[in-house]
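# What the coordinates show
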Amino acid sequence: MAGTEKGWLGLRRHALWVLCMAVLCLNKGGVVAFEELNVTEIPQWVAEYSTTPVMVPLTLVPVCLDGTLPGYHLHRGFGSGANSWLIQLEGGGWCNTVRSCIFRKTTRRGSSKFMEKQLPFTGILSNNPAENPDFFNWNRVKIRYCDGASFSGEGGDKASNLYFRGQRIWLAAVEDLMSKGMRRNLPSTCTSKEDPTSCFFPQNLVANIRTPLFLLNAAYDSWQLQASLATQPADPHGHWTPCKMNPAHCDASQIGFLQGFRMSMLNSMRSFSSSRQNGLFVNSCFAHCQSERQDTWFADGSPTIGGKKIAVAVGDWYFERSGVVAFEKLNVTDIPVMVPLTLVAVCLDGTLPGYHLHRGFGSGANSWLIHLEGGAWCNTVGNCAFRKTTALGSSKFMEKQLPFTGILSNNPAENPDFFNWNRVRIRYCDGASFSGEGEDKVSNLYFRGQRIWLAAVEDLMSKGMRHAKQQTLLIYSLYVDFTVISININLFELQIVIHILYFSWYCFEVIFSAVAAYLLRVTHAAVQALLSGCSAGGLASILHCDEFHELFPRGTRVKCLSDAGYFMDAKELAIYLYIKRGSNFSEALPLVPLRWHKCFFPQNLVANIRTPLFLLNAAYDSWQLQASLATQPADPHGHWTACKMNPAHCDASQIGFLQGFRMSMLNSLRSFSSFRQNGLFVNSCFAHCQSESQDTWFADGSPTLGGKKIAAAVWDWYFERSEIKETDCAYPCDKTCHNLIFESLIG
């Protein structure tokens, strides 16, 4: 046997196992023979590749439910695929009672008497190179399913003449196929920790599979929905019947349940998908067995994720052309669309939150810019209830497409350093800067900002953001004159090693210059991440900054940018009213030795943020002036109304008050600005959110400090070209400001 196995391994044959319904790794054992069914393919082109299969005698030891012989269909490979094998295990539900197993004996799922003696091979089994480019000429096998238990189990029911011999069927099939040129029970890695029933479920198995494995699944698997999730005993009144027949007939609560099921599935795959050798393709379809049908496997209009059809994704994974870990969340187009997440994380009104994603390309394909949308807070039940009728509280009112401008622009003339990154705008609909956990059942209000944040970043990590690491250059073993120089360049896990013998210093200089030039060309190819946000989103980018950094491997360039999020802990701040609302923010707020509500104010946080942070703020922030400093309760007679609408209308005493506010802000930033890793750009403007608008971000006439526009300052800080600590002189000295002039007050 050892010699046989060695010879078999020497052939270096490929083997791909595709399981339609369940993933099982089974223990080795001896068996006998198996009956092979002829394969005659119906499409005309089959004759071009068909061979006549050889009949294989088999014993009665492995049998179907009714005692008849099981079987398989084999279509022989040829050419470059003659020694490669694709084994597909047929699916078809389970029988879980004596009665259902007895009925199954009268069908092809329990007796070979009713099996088709010929089957057309389509989809992943097709022998047409136009329909199955990577596997068309392999040895392709379909093992018929007739044991009712996913090719597992050993037993019987003599009274009913039922044979449960799935394990024997499996062993007989693979042993027979080994004898034709190819060469274990439930795995102990599971049964040692779980009861045998639990080991039937892939979520308890896949993390321990050592062999590279690809999982292709619909997030809303139609078979699981009908036969497992919403069965007749669980739904005696048939409320789920229309939904099971057509997803378009599912009501909101049913969709919510299914979204939760999908989220559970994705969570159970975290460990599996973290292994580089594994592949994943989970699309948000109501489907089942998508590899068998040509229209879903590889055809015009086949399901795609990330621009790849199922067949292409499987081929790229198997032949290691690229890693494939794909979750379907949205269609990615030049104009981003809303991204459904799950009802675990919900907006104020209970609808799904979402984000817009514009994919990066070229040197920015592996770099990510995450921008958290702003939009103030709601601080009473009344205004939170009103907020539910707007895009800031419900995704029902969100735009399905948004133009990306400013820091999110894809125009290299408008955004030279970030234009080709993966750029994301996470929509804001929790009313609390992506923080908090609570609800008001009486008013049907959901305060789930922390969950929205976690769901969004988890989803983005699954789309490629998790693979963040920079290239490094290591030069070692360098001696004078005749020795060896080794240059190791690690770029996205690609290693280039140069060995040079007997070189001169001139030779070294030439090589080093060439390598350095190469690195300069690929510097921006290094994957990196920036978390930014405006206003309430700017505050959120501070609150979640260190948490965001911890998502990435050590050595990744991860930084944060807060635009107009530096809200001062000053009198009359309406945020105090918001804090009293009763939501639990403790999970979202950084750990600092203060009363927890004080942690909502950046001046009490930024000095403790470990991740490099850039603060972009107007010293006379127009939102803070209107909505928190000079509120209606603080100014019942409206003396501040004209000043709040136009700074040119502020009198001397009001300007004096604002100058004092500016000095308080600058004083509070002293400790923060003392850290070299941090960046600062505080201009003396009456403005708010200057990174989102193109005219303030990077355009002719944009605001400047120290001769640098806002965008240039952020880029120089992020890429560490220079230290940026810019604070402006007092109003009205700065003539580059784009001061906001209002026709009516905010809110």
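Analysis parameters
- Residues numbered from 1 in each chain as written.
- Predicted model: local features only at pLDDT ≥ 70, side-chain atom pairs only at ≥ 80, totals over all residues.
- Heavy atoms only, no water.
- Helix = DSSP H or I, 4+ residues; strand = E, 2+ residues; numbered from the N terminus.
- Buried < 20%, exposed > 50% of the residue type's maximum accessible area, 1.4 Å probe, protein only.
- Areas by Shrake-Rupley, 256 points an atom, 1.4 Å probe, with all protein chains shown as cover.
- Disulfide = S-S within 2.5 Å.
- Core = buried A, V, L, I, M, F, W, Y, C linked by side-chain atoms within 4.5 Å.
- Contact = heavy atoms within 4.5 Å.
- Axes fitted to C-alpha atoms, helices over the stretch in contact; angles between N-to-C directions.
- Parallel < 35°, antiparallel > 145°, perpendicular 65-115°, else oblique.
- Nonpolar A, V, L, I, M, F, W, Y, C, P; charged D, E, K, R; others polar.
- Pairing = 2+ DSSP bridges.
- Lys, Arg positive; Asp, Glu negative; His and termini not counted.
- Salt bridge = Lys/Arg side-chain N within 4 Å of Asp/Glu carboxyl O.
- Polar contact = N/O pair within 3.5 Å; in protein donor to acceptor, adjacent residues only side chain to side chain.
- Phe/Tyr/Trp six-rings, centres within 6.5 Å; stacked < 30°, edge-to-face > 60°.
- Expected span 1.5 Å × (residues − 1).
- pLDDT = per-residue confidence, 0-100.

As a further point, take the overall build of the protein. Secondary structure assignment for the protein yields 22 helices and 27 strands. Burial analysis of the protein (747 residues in total) assigns 51% to the buried set. Accessible surface, the protein: about 33200 Å² in total, of which carbon and sulfur atoms supply 56%.

The tally for this structure, following the rule as stated, stands at ten disulfides. The disulfide partner of C378 is C384, and the S-S distance across this bridge is 2.1 Å. The disulfide joining C378 to C384 has a torsion of about 90° about its S-S bond and is therefore right-handed. Taken individually, C378 and C384 each receive the classification buried, so the pair is uniform in this respect.

Residues I370, I426, F548 and L615 are the most contacted members of the largest nonpolar core, which totals 64 residues. Here the element with the most residues in this core is helix α12 (residues 449–465); it accounts for seven residues. Residues in contact with L615, not counting those within four places in the same chain, are I542, S562, Y566, V606, L669, F672, G679, L680 and F681. F614, F681, A711 and Y718 belong to the second-largest nonpolar core, a separate cluster that totals 23 residues.

Our focus in this paragraph is the packing of helix α5 (residues 222–229) against helix α7 (residues 252–268). Packing of α5 against α7 brings their axes to within 13 Å, and their N-to-C directions diverge by 110°. On the basis of their axis angle, the class for α5 and α7 is roughly perpendicular. Where α5 approaches α7, its residues Q224, L225 and L229 are matched on the opposing element by F257, L258 and F261. Looking at the contact of α5 with α7, its residues break down into five nonpolar, one polar and no charged.

The next thing to look at is the pairing of strand β21 (residues 528–534). Burial runs high along β21: seven of the seven residues are buried. Of the two faces of β21, the one holding Q528, L530, S532 and C534 and the one holding A529, L531 and G533 are both buried throughout. Sheet topology note: the strand β14 (residues 368–372)/β21 ladder contains five bridges and is parallel. What sits directly across from W368, in β21, is A529.

To continue, consider the side chain of D221. With respect to the element layout, D221 can be found in the loop between β8 (214–218) and α5. Although D221 lies buried, it forms no salt bridge, and the closest oppositely charged side chain, R293, sits 12 Å away as judged by the N-O distance. At a separation of 2.9 Å, a polar atom in the side chain of D221 contacts the main-chain amide nitrogen of Q224. Aside from chain neighbours lying at most four places away, what touches D221 is C285, A287 and H288.

In this structure, P732 follows Y731 across a cis peptide bond, with omega equal to 15°. With respect to the element layout, P732 can be found in the segment after β27 (725–727). Even without being glycine, S433 reaches a positive phi, approximately 55°. Secondary-structure assignment places S433 in the loop between β15 (422–426) and β16 (438–440). Taking the relative accessible area as the measure of exposure, S433 reaches 0% and is therefore buried. The residue C689 is not glycine, and still its phi comes out positive at about 60°.

Here we come to the packing of aromatic side chains. Counted by the stated rule, this structure contains 35 aromatic pairs. Aromatic side chains Y620 and Y731 sit 6.0 Å apart centroid to centroid with 75° between the ring planes, which places their arrangement in the edge-to-face category. Here Y620, found in the loop between β23 (613–618) and α17 (622–629), pairs with Y731, found in the segment after β27; they are 111 residues apart in sequence, far enough to count as distant. Each member of the pair, Y620 together with Y731, is buried. Joined through ring pairs, the aromatic side chains of F135, W138, F214, W297, W317, Y318 and F319 make up one cluster.

The next subject is helix α3 (residues 166–179). With 14 residues, α3 should cover 20 Å at 1.5 Å per step; its first-to-last C-alpha distance of 20 Å lies within 8% of that length. Summarising burial for α3: eleven of the 14 residues are buried, a large majority. When α3 is considered as a whole, its buried residues turn out to be G166, Q167, I169, W170, L171, A172, A173, V174, D176, L177 and M178.

It is worth spelling out the pairing of β14 at this point. With five of five residues buried, β14 lies mostly within the body of the structure. Of the two faces of β14, the one lined by W368, I370 and L372 and the one lined by L369 and H371 are each fully buried. Note: β14 against β15, five bridges, orientation parallel. Directly across from L372, in β15, lies its bridge partner I426.

This brings us to the environment of S668. As for its placement among the helices and strands, S668 is situated in helix α19 (residues 652–668). Distance in space between the C-alpha atoms of S668 and Q603 is 6.0 Å, their sequence separation being 65 residues. The residues touching S668, leaving out its near neighbours within four places in the chain, are Y566, M568 and Q603. Reaching out from S668, the side chain makes a polar contact with the backbone oxygen of M665 at a distance of 2.6 Å.

On to α19, then. Compared with the 24 Å implied by 1.5 Å per residue over 17 residues, the 24 Å span of α19 between its first and last C-alpha is a close match. Those residues of α19 hidden inside the fold are in contact with β23, α17, α18 (641–645), α20 (670–673), β24 (679–683) and β27.

The subject of this paragraph is the sheet that holds β21. Pairing is mixed in the open sheet, where eight strands are placed in the order β13-β15-β14-β21-β22-β23-β24-β27. A strand with exactly one partner marks an edge of an open sheet, and here the two such strands are β13 (355–358) and β27. If you compare each strand with its neighbour and ignore which way they point, the axes differ by 10° on average.

For the structure shown, the criterion picks out 26 salt bridges. With a closest N to O distance of 3.7 Å, R610 and D546 form a salt bridge. With R610 in the loop between α16 (575–579) and β23 and D546 in helix α15 (residues 545–549), this residue pair connects regions lying 64 residues apart in the sequence. Look at the salt bridges and you will find they share partners, linking E90, R108, R109, E116 and R144 into a network.

Let us look at the side chain of D417. As for its placement among the helices and strands, D417 is situated in the loop between α11 (381–387) and β15. Of the polar contacts made by the side chain of D417, one reaches the side chain of R721; its length is 3.0 Å.

So, about the confidence of the model for the protein. Here the protein averages 77 in pLDDT, and 74% of its residues register 70 or above. Below a pLDDT of 50 lies the segment residues 572–594, which in the model reaches 64 contacts outside its immediate sequence neighbourhood of four places, other chains included.

Along the chain, Y163 turns up in strand β7 (residues 162–164). Taking C-alpha positions, Y163 is 6.4 Å from D66, a pair spaced 97 residues apart along the chain. When sequence neighbours within four positions are dropped, the list of residues in contact with Y163 reads V63, C64, L65, D66, G67 and G155.

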